[in-house]
Amino acid sequence: MRIVLLAVLMCLAGVIEAAQMPIAAMPGGSLVYKPVQSVRERRFADLVQQKTDFSCGAAALATILKQAYWLDVDEHQIIEGMLAHSDQDTVKVQGFSMLDMKRYVESIGMRARGYRVEPDTLEKVSIPVVVLMDIRGYKHFVVLQRVHRGYVYIGDPVLGHKRYTFDDFVKGWNGIIFAVIGPGYDKANALLDPPAPITAKNRVNGFYPVEDAQLMEFGFIQSDFF
C-alpha cells in the first residue's frame, strides 16, 4: 500500500508546483517531508519565463539582472524601460534589439558591452551573457550560461534550460555576446552552474569560482567588486 501511495504522490509531483512530499520512511510509519520540484519548475529554475511574443530579450536580460546582480526586476519592467528608449513601431514588427537592451542597461546605471567572439573562445566566457540565435528561422534571445565539455548550456525564456552540442549551437548563433557589467555582480551566481539535463547520468560538476582577472576581461573594473 505504501508503494502505491508513493507512486501516486510522485505522479502528482510532476504536474503541481514545488511541494513537500510525505514519505513513510520512519519506524512505525511516521512521515518525513521531502521538498520536491516539478519537471516544469526544474526546467525554468533561476530563469525568467517569456510572457509575450516579442519579449525574449527582456526576459533574458531580466534573468541576468535577477540572478547575477540580485536586482528586483521582472520582464514587464524591462519591457517598459526598453520601450521608453526605442522606436515602438519597429519593436512591434521586429522585437527588441541588442541596442535597445544596451540603452536600458545604461539607463539603470550599469554598463553593457557587445563582443564578437570566435567560436573556439566561447569556453573562456566566464559570465552569463545574452546571445541571439536563429532557431528554425526565428530570431531568439537566450542566456548563454556556460560551455563545458563540448556542450553549450542555454537558459531559454521559452523552453527553459537547454543543452546544445557545440556545433549545433554555433550553427544558429550570430557570433556576438552581450555582457551586462556593473557593481554587485555575484561571482557564484546560479546561472554559471545550470542544472544537468533530467536524463543525464554521472555528470561531473566542473564549476569553479571566477577570478576577478577573468571578469575584468569583459569590462568589469576593480570598484565593481566592492
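Residues numbered from 1 in each chain as written. Predicted model: local features only at pLDDT ≥ 70, side-chain atom pairs only at ≥ 80, totals over all residues. Heavy atoms only, no water.

Asker: So what exactly am I meant to see when it comes to the side chain of H140 here?
Answerer: Relative to the helices and strands, H140 is located in strand β5 (residues 138–148). Classification of H140 as buried rests on a relative accessible area of 3%. The residues contacting H140, other than those within four sequence positions of it, are Q50, C56, V131, L132, M133, I135, D156, P157 and V158. (Helix = DSSP H or I, 4+ residues; strand = E, 2+ residues; numbered from the N terminus. Buried < 20%, exposed > 50% of the residue type's maximum accessible area, 1.4 Å probe, protein only. Contact = heavy atoms within 4.5 Å.)

Asker: What's the story with the sheet that holds strand β6 (residues 151–156) in this structure? I'm lost.
Answerer: Sheet strands pair by backbone hydrogen bonding; their relative direction is either parallel or antiparallel. Reading across from one edge, β3-β8-β4-β5-β6-β7 is the order of the six strands in this open sheet, with antiparallel pairing throughout. Looking at strand neighbours, the two that pair on one side only are β3 (111–116) and β7 (160–165), the edges of this open sheet. Averaged over all neighbouring strand pairs, the angle between strand axes comes to 35 degrees, with direction disregarded. Where strand β4 (residues 129–135) and strand β8 (residues 173–181) come together, three bridges link them in antiparallel fashion. By the bridge assignment, V131 is partnered in β8 with I177. Contacts from helix α3 (residues 56–69) reach β4, β5 and β8, with the element oriented near 30 degrees to β5. Helix α6 (residues 98–107) rests against β3, β4, β5 and β8 of the sheet, and its axis sits at about 5 degrees to β8. (Pairing = 2+ DSSP bridges. Axes fitted to C-alpha atoms, helices over the stretch in contact; angles between N-to-C directions.)

Asker: Teacher, can you tell me more about the side chain of T63 here?
Answerer: Looking at the secondary structure, you find T63 in helix α3. Exposure remark for T63: the relative accessible area of 3% places this residue in the buried category. If sequence neighbours within four positions are ignored, T63 has contacts with D46, L47, V48, A68, V143 and L191.

Asker: In this structure, what is going on with helix α4 (residues 75–83)? I would like to understand it.
Answerer: In an α-helix, one turn spans 3.6 residues; hence positions three or four apart end up facing the same way. What α4 keeps buried is the set E75, I78, I79, G81, M82 and L83. Buried residues in α4 make contact with α3, α5 (88–94) and α6. If you check the start of α4, you find a side-chain oxygen 3.2 Å away from the backbone N of H76, and it comes from D74. (Polar contact = N/O pair within 3.5 Å; in protein donor to acceptor, adjacent residues only side chain to side chain.)

Asker: How should I be thinking about the packing of aromatic side chains in this particular structure?
Answerer: How two aromatic rings sit relative to each other is set out by the distance from centre to centre and by the angle between their planes. One pass over the structure, following the stated rule, counts three aromatic pairs. Geometrically, the ring pair formed by F54 and F96 is tilted, given 5.8 Å between the ring centres and 50 degrees between the ring planes. Pair noted here: F54 is in the loop between α2 (39–43) and α3 and F96 is in the loop between α5 and α6, with a separation of 42 residues, a long-range link. Take F54: its relative accessible area is 32%, and that puts it in the partly exposed class. By relative accessible area, F96 is classed as buried at 7%. For the cation-ring pair, R163 lies above Y151, with the distance from its terminal atom to the ring centre recorded as 3.7 Å. (Phe/Tyr/Trp six-rings, centres within 6.5 Å; stacked < 30°, edge-to-face > 60°. Lys NZ or Arg CZ within 6 Å of the ring centre and 35° of its normal.)

Asker: For this particular structure, what's the right way to read unusual backbone geometry?
Answerer: Trans is the prevailing form of peptide bonds, just as negative phi is the prevailing case for residues other than glycine. In the Ramachandran plot, W70 falls in the positive-phi region, its phi being about 60 degrees despite a non-glycine side chain. Inspection of the secondary structure puts W70 in the loop between α3 and α4. With a relative accessible area of 62%, W70 lands in the exposed category. Unusually for a residue other than glycine, R149 sits at a positive phi of about 50 degrees. Note that R149 resides in the loop between β5 and β6.

Asker: I tried to follow the confidence of the model for the protein on my own but got confused; where do I start?
Answerer: Close inspection of predicted coordinates is inappropriate in any region flagged by low pLDDT. Per-residue confidence for the protein gives a mean pLDDT of 81, with 74% of residues at or over 70. Contacts for the low-pLDDT stretch residues 1–17, under 50 throughout, to residues beyond four places or in other chains number 17 contacts. With pLDDT under 50 throughout, residues 201–206 is counted as low confidence; its partners more than four residues away or in other chains account for 11 contacts. (pLDDT = per-residue confidence, 0-100.)

Asker: Any chance you could explain the environment of V170 here in plain terms?
Answerer: Position of V170 among the secondary structure elements: in helix α7 (residues 166–172). Judged by its relative accessible area of 25%, V170 is partly exposed. Along the primary structure V170 and V152 are separated by 18 residues, whereas in three dimensions their C-alpha atoms are 9.3 Å apart.

Asker: Explain the packing of α3 against α4 here, please?
Answerer: What describes two packed helices is the angle between their axes and the distance between those same axes. Contact geometry for α3 and α4: axes closest at 8 Å, N-to-C directions at 115 degrees. Considering how the two elements wind past one another, α3 and α4 form a crossing that is right-handed. Facing G57, A58, A59, L61, A62 and L65 of α3, the residues of α4 in contact are E75, I78, I79 and M82. Split into classes, the residues belonging to the contact of α3 with α4 amount to eight nonpolar, one polar and one charged. (Left-handed = near helix turned anticlockwise from the far one by under 90°. Nonpolar A, V, L, I, M, F, W, Y, C, P; charged D, E, K, R; others polar.)

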